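# Examination of the molecular architecture
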Amino acid sequence: MTKPALAPVQCGADLLATAERCLPGAGLGAYALADDIRLVFSHARGSKMWDVDGNQYIDYVGGAGALILGHSHPAVVRAAQQQLARGAHVFGSLTGPAIALAARLVRDIPCAEKIVYATTGSEATAYAMRLARAFTGRDKILKFEGAYHGNHDYALVSTFPAPGSHAAARADSFGQPPATTSTVLVAPYNDLEAVGKIVSEHGRDIAAVIAEGVQRIIPARPEFLRGLRILCDRNDILLILDEVVTGFRLGPGGAQGWYEVKPDLATYGKVVGAGGPLSCIAGPAEIIDQANPRRKGEDKFTYFNGTLHGNPVAAAATLALLDELSAPGVYQRLNRYADELCRECQAVLNAHGLPAIACNTGSLWQILFMPQPPACQADLSAGDAAAMQRLDAALMKQGQYILPGVRRFVSVAHDQADLEQTVRALDAACRAFAATG
């Protein structure tokens, strides 16, 4: 069959037609937008994004939370450009930015004596599980229903459970081998009693418990992570805290500082990486040194390798980003914006009589159709997901870039004008919602 010749494409409709021909679902991942709001973006700066047809959006996706300073922050761009001019990539050897960032992360991450680099958050959680299995000599991992720890087979278990599944270990994708469910145990989030029962039955086989400080939009109860720490200590189980989203977002200490809990291993990406190809695993030297390449062939040696591990451009960009975050008052302003945004949005929802809440933990926020903030996946599943999708789609048509039904993020670049425009957009979206309901 003769392939069509490549042709110059300019407008969104042309680009979308090409995407339909070349990409599954005309997309880049798991999110399928409605046909009337599919977008092709041209450029972004600060809190704004522009599509190829010139329409402007206030961005609350923020690279899935990676762009905490907003788009194209001058310090981050400058650092990346300077390193790019020196060399975009080195494989198998060290670079100055990779070493400097490692030292910075070891200094700033509460549980870190050493770090080991990876490329993505998914890689980081997969490697953390491998380290835990090697260290303990056990095979099973306990995770929480509804938790997203990446796209690998051992993470995609009960991430998207059917309502009423009661924390059953079920594969989320075709193509996963049975081992991914047979070695993963699942408990409801924020339920220490349920975790205790599973540990009492399977404790001798469990290498690690992996949890987030904020699962989706669900914050951990104050006693939950501390209870997990105690339970793991009593049963010689490692506690992995997935900080891919919360790391350097909830504050300089991430979820570890927010909840005052020190895990055995913590995984990082998104903010660590500054939106580039970089992630890491942090922990005690005794565990991280299992990845020492000089120990190849020895007991407990744990294989790590990746073409982009320690990428110098991403490392340089992250160093610049962390410098900006360390300025006085940055996190206070970030979280204050999210608090005010949710208060103002709640007032609009109440004025329109919608049974929805605007809730946040720090700079993570979302609008949910339910009476009170959720405590676990079952609570989320009990909400009106269809109504949430409809309202979010209406918001996108009002110039707000969000992914319908997905949590959203505030960046340092958002300002009072953005907040006021978002509140007006929500008011218009609520009217459209009522008209189509």
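Here's a quick rundown of the structure.

Quick notes on the rules
- Residues numbered from 1 in each chain as written.
- Predicted model: local features only at pLDDT ≥ 70, side-chain atom pairs only at ≥ 80, totals over all residues.
- Heavy atoms only, no water.
- Buried < 20%, exposed > 50% of the residue type's maximum accessible area, 1.4 Å probe, protein only.
- Helix = DSSP H or I, 4+ residues; strand = E, 2+ residues; numbered from the N terminus.
- Pairing = 2+ DSSP bridges.
- Axes fitted to C-alpha atoms, helices over the stretch in contact; angles between N-to-C directions.
- Parallel < 35°, antiparallel > 145°, perpendicular 65-115°, else oblique.
- Left-handed = near helix turned anticlockwise from the far one by under 90°.
- Contact = heavy atoms within 4.5 Å.
- Nonpolar A, V, L, I, M, F, W, Y, C, P; charged D, E, K, R; others polar.
- Disulfide = S-S within 2.5 Å.
- Salt bridge = Lys/Arg side-chain N within 4 Å of Asp/Glu carboxyl O.
- Core = buried A, V, L, I, M, F, W, Y, C linked by side-chain atoms within 4.5 Å.

## Structural notes on the pairing of strand 14 (residues 364-368)
Judged by how many residues are buried, strand 14 sits mostly within the fold: five of five residues are covered. Side chains Leu364, Gln366 and Leu368 project from strand 14 onto one buried face, and the interleaved Trp365 and Ile367 project onto a second face that is buried too. Between strand 13 (residues 357-361) and strand 14, which pair antiparallel in sequence order, lie two residues; one of them, Gly362, sits at a positive phi of approximately 55 degrees. Summarising the sheet, strand 14 and strand 16 (residues 408-409) pair through two bridges and their orientation is antiparallel. Looking at the pairing, Trp365 lines up with Arg408 of strand 16.

## Some remarks on the sheet that holds strand 7 (residues 206-212)
If you walk across this open sheet you meet the seven strands as 4-12-11-10-7-5-6, and the pairing is mixed. Only two strands of the sheet have a single neighbouring strand rather than two, namely strand 4 (114-118) and strand 6 (184-187). Direction aside, neighbouring strands of the sheet carry axes that sit 20 degrees apart on average. One ladder, built from five bridges, connects strand 7 with strand 10 (residues 238-242); its direction is parallel. Bridged to Val209 within strand 10 is Leu239.

## Some points on unusual backbone geometry
For residues that are not glycine, phi is negative in most cases, and the peptide bond is trans in most cases. Here the phi dihedral of Ser158 falls at roughly 55 degrees; this positive angle occurs in a residue that is not glycine. By the element assignment, Ser158 lies in the loop between strand 5 (140-144) and helix 5 (179-182).

## Some details on the sheet that holds strand 1 (residues 41-45)
To summarise the sheet geometry, strands pair through backbone hydrogen bonds and adopt either a parallel or an antiparallel arrangement. Spatially, 1-2-3-15 is the arrangement adopted by the four strands of the open sheet, whose pairing is mixed. In this open sheet, the two edge strands, each paired with only one partner strand, are strand 1 and strand 15 (400-401). Pairing geometry for strand 2 (residues 48-51) and strand 3 (residues 56-59), over three bridges, is antiparallel. Counted as the bridge partner of Met49 is Tyr57 from strand 3.

## Some thoughts on the packing of helix 3 (residues 96-108) against helix 10 (residues 312-325)
Where helix 3 meets helix 10, the closest approach of the two axes is 8 Å, and the angle between their N-to-C directions is 40 degrees. Considering their axes alone, helix 3 and helix 10 lie oblique with respect to each other. Along this stretch, helix 3 crosses helix 10, giving a crossing that reads as left-handed. Side by side, helix 3 and helix 10 meet where Pro97, Ala98, Ala100, Leu101, Arg104 and Leu105 of the first sit next to Pro312, Ala315, Ala316, Thr318, Leu319, Leu322 and Asp323 of the second. A class-by-class count of the residues in the contact of helix 3 with helix 10 yields ten nonpolar, one polar and two charged.

## Here's the deal with the state of the cysteines
Evaluation of the coordinates by the stated rule reveals zero disulfides. A disulfide-free cysteine, Cys359 has its sulfur positioned 6.6 Å from the sulfur of Cys342, the nearest such atom. On the accessibility criterion, Cys359 (11% relative accessible area) is buried. The structure places no disulfide on Cys430, whose sulfur is separated from the nearest cysteine sulfur, that of Cys345, by 8.7 Å. Since its relative accessible area comes to 1%, Cys430 is described here as buried.

## Some points on the pattern of salt bridges
Under the defined criterion, the tally for this structure stands at eleven salt bridges. Across the pair Arg295 and Glu298 runs a salt bridge whose closest N-O atoms are separated by 3.5 Å. Accessibility expressed as a relative area gives 22% for Arg295, which makes it partly exposed. The salt bridge partner of Arg408 is Asp392, with a shortest N-O separation of 3.0 Å.

## A word on the packing of helix 6 (residues 192-202) against helix 7 (residues 222-234)
For the pair helix 6 and helix 7, interaxial distance at closest approach is 10 Å and the crossing angle is 15 degrees. Considered as vectors, helix 6 and helix 7 are oriented roughly parallel to each other. Read as a crossing pair, helix 6 and helix 7 show a hand that is right-handed. On helix 7, the residues touching Leu192, Val195, Gly196 and Val199 of helix 6 are Glu223, Phe224, Gly227, Leu228 and Leu231. Class assignment for the residues of the contact of helix 6 with helix 7 results in six nonpolar, two polar and one charged.

## Section: the nonpolar core
Counting residues in each nonpolar core, the largest one holds 104 residues, and the members touching the most others are Phe144, Phe248 and Leu325. The element best represented in this core is helix 11 (residues 330-351), accounting for ten residues. In contact with Phe144, not counting residues within four places along its chain, are Val186, Ala187, Pro188, Tyr189, Val195, Val209, Ile210, Ala211, Gln215, Phe224 and Leu228.

## Concerning the environment of Met388
Its location among the elements puts Met388 in helix 13 (residues 385-396). Among residues more than four places away in sequence, those in contact with Met388 are Gln366, Ile367, Leu368, Phe369 and Gly405.

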